[in-house]
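# Geometric and topological summary
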Amino acid sequence: MKRREFITNTALATLGTSLLFSPLSGFSLASNDEFKLPDFLYPYDALEPFIDKKTMQTHYEKHHAGYVKNLNAALQTSHLKGKSLLNILSTLENTESDLALRNNGGGHYNHTQFWETMTPGGSPKPSMDFLAAIIKDFNSFDQFSRLFIEKATKHFGSGWAWLCLHENKKLFISSTPNQDNPLMRGIVSEFGIPLLGIDVWEHAYYLQYQNKRSEYIVNFMKLINWDIISKRYTAALKTK
Ligand code: MN
């Protein structure tokens, strides 16, 4: 094991599973060294009128399922087979040989977190502690919302916009291309623990919104499950 890999894995071991998935979901990432598509959390039409049923169904059954299938296929010939998804993401490098794991491992993580990030009707604002941190790092909740929406709107092409916790425990907003994830330390320019991510691939909104990505983003903000995001923040704070 490389030194960096060891250090990263030691730090990540302290994250536990609560960071990735709340106790509510009961998602299991790995069994028999295979990743599986998690159960869906709500009916496909539960996020209407903001995200339509057809988009949700296709996104989960086709896109997310595809990432899981291709992740398992890529692991068959990888020395990372049997590792946790956190370990896989954190040890990937910007090489051709890591590309399939990067795209599909990222795709699996990002979407699993994404379904849980949303809840029908949204949930109230962040916990007191989390809200205080948002105000400290962005001046106000509204300012955070504006910056997050702007980052997601302006991201060029396919990818994700994120609210992350930096290693210095400050919150920051970033975006990543394709299925890259802020936990990919060897790949992304801004490493952090992702608390909130929005999928801005066209497959996430094009059926309903066509080219109006900004409308989709503004409506996504009404679906955020702040209870879950607050729990992710609390768990992320505890990492070394
Ligand atoms: Mn997607």
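Each remark here, short or long, concerns the structure printed above.
Model, not experiment: these values are computed from the prediction.

### Re the coordination of the manganese ion
Surrounding the manganese ion are the protein donor atoms His59 (NE2), His111 (NE2), Asp199 (OD) and His203 (NE2), at 2.0 to 2.1 Å. We note that the donor set of the manganese ion lies within a single chain, spaced as H-x51-H-x87-D-x3-H. You can see His59 sitting in helix α2 (residues 53-75) and its partner His203 sitting in the loop between β5 (193-199) and α7 (206-209), a full 144 residues away along the chain. Given the relative accessible area of 1%, His59 is considered buried.

### Some words on the pattern of salt bridges
Applying the stated criterion across every chain, the model contains five salt bridges. A salt bridge links Glu116 to Arg232; its shortest N-O distance comes to 3.3 Å. Of this pair, Glu116 sits in helix α4 (residues 99-117) while Arg232 sits in helix α9 (residues 226-237), and the two are 116 residues apart along the sequence. By relative accessible area, Arg232 is classed as buried at 1%.

### Observations concerning α2
End to end, α2 covers 32 Å across 23 residues, agreeing with the expected 33 Å (1.5 Å per residue, within 8%). Where α2 bends most, the angle comes to about 30 degrees, and this point is His59. Of all the positions in α2, only Thr55, Met56, His59, Tyr60, His64, Tyr67, Val68, Leu71, Asn72, Ala74 and Leu75 are classed as buried. Among the structural elements, β2 (34-35), α3 (85-91), α4, β5 and α7 are those in contact with the buried residues of α2. At the N-terminal boundary of α2, the capping side chain belongs to Asp52, with an oxygen 3.3 Å from the backbone nitrogen of Lys54.

### Some details on the packing of aromatic side chains
Here the structure, examined in full by the defined rule, presents 20 aromatic pairs. Look at Phe114 and Trp115: their rings are 5.5 Å apart centre to centre, the planes differ by 50 degrees, and that puts the pair in the tilted class. Given a relative accessible area of 2%, Phe114 falls into the buried group. Here a set of aromatic residues connected by ring pairs shows up, and it is made of Phe40, Tyr42, Tyr44, Tyr60, Phe114, Trp115, Trp160, Trp162 and Phe220. The cationic tip of Arg185 hangs over the ring face of Phe191; the distance from NZ or CZ to the ring centre is 3.8 Å.

### Some remarks on the pairing of strand β3 (residues 159-165)
Within a regular strand, the side chains alternate between the two sheet faces. Of all seven residues making up β3, seven are buried, and the element is well covered by its neighbours. In β3, alternate side chains face the same way, and those of Gly159, Ala161, Leu163 and Leu165 on one face and Trp160, Trp162 and Cys164 on the other are all buried. Strand direction decides the pairing type here: β3 and strand β4 (residues 171-177), joined by seven bridges, are antiparallel. Note on β4: the bridge partner recorded for Leu163 is Ile173. Looking at chain direction, β3 and β5 are connected through six bridges and run antiparallel. By the bridge assignment, Leu163 is partnered in β5 with Leu196.

### Description of the packing of α4 against α9
Between α4 and α9, whose axes approach to 8 Å, the crossing angle comes to 130 degrees. Relative to α9, the element α4 is oriented oblique. Note on element contacts: α9 touches α4 through Ile228, Ile229 and Arg232, opposite Gln113, Glu116 and Thr117. In terms of residue class, the contact of α4 with α9 is built from two nonpolar, two polar and two charged.

### Looking at helix α5 (residues 128-138)
The complete set of buried residues in α5 reads Phe130, Ala133, Ile134 and Phe138. Projected down its long axis, α5 carries its buried residues within an arc of 100 degrees, all on one side. More than 90 degrees from the buried face of α5, the exposed residues found are Met128, Asp129 and Lys136. Its buried side turned inward, α5 meets α6 (141-154), β3, β4, β5 and α9. Following α5 by one or two positions, Asn139 has its phi on the positive side, about 80 degrees.

### A few points about the environment of Asn178
As for its placement among the helices and strands, Asn178 is situated in the loop between β4 and β5. Considered as a pair, Asn178 and Gly159 are 19 residues apart in the sequence and their alpha carbons are 4.3 Å apart. Residues contacting Asn178, with those up to four places away along its chain left out, are Ser158, Gly159, Trp160 and Trp201.

Scoring rules and cut-offs
Residues numbered from 1 in each chain as written. Predicted model: local features only at pLDDT ≥ 70, side-chain atom pairs only at ≥ 80, totals over all residues. Heavy atoms only, no water. Donors = N, O, S within 2.8 Å, 3.2 Å for Na, K, Ca; no water. Helix = DSSP H or I, 4+ residues; strand = E, 2+ residues; numbered from the N terminus. Buried < 20%, exposed > 50% of the residue type's maximum accessible area, 1.4 Å probe, protein only. Salt bridge = Lys/Arg side-chain N within 4 Å of Asp/Glu carboxyl O. Expected span 1.5 Å × (residues − 1). Bend = angle between axes of the 7 residues up to and from the residue. Contact = heavy atoms within 4.5 Å. Polar contact = N/O pair within 3.5 Å; in protein donor to acceptor, adjacent residues only side chain to side chain. Phe/Tyr/Trp six-rings, centres within 6.5 Å; stacked < 30°, edge-to-face > 60°. Lys NZ or Arg CZ within 6 Å of the ring centre and 35° of its normal. Pairing = 2+ DSSP bridges. Axes fitted to C-alpha atoms, helices over the stretch in contact; angles between N-to-C directions. Parallel < 35°, antiparallel > 145°, perpendicular 65-115°, else oblique. Nonpolar A, V, L, I, M, F, W, Y, C, P; charged D, E, K, R; others polar. Arc of directions from axis to C-beta.

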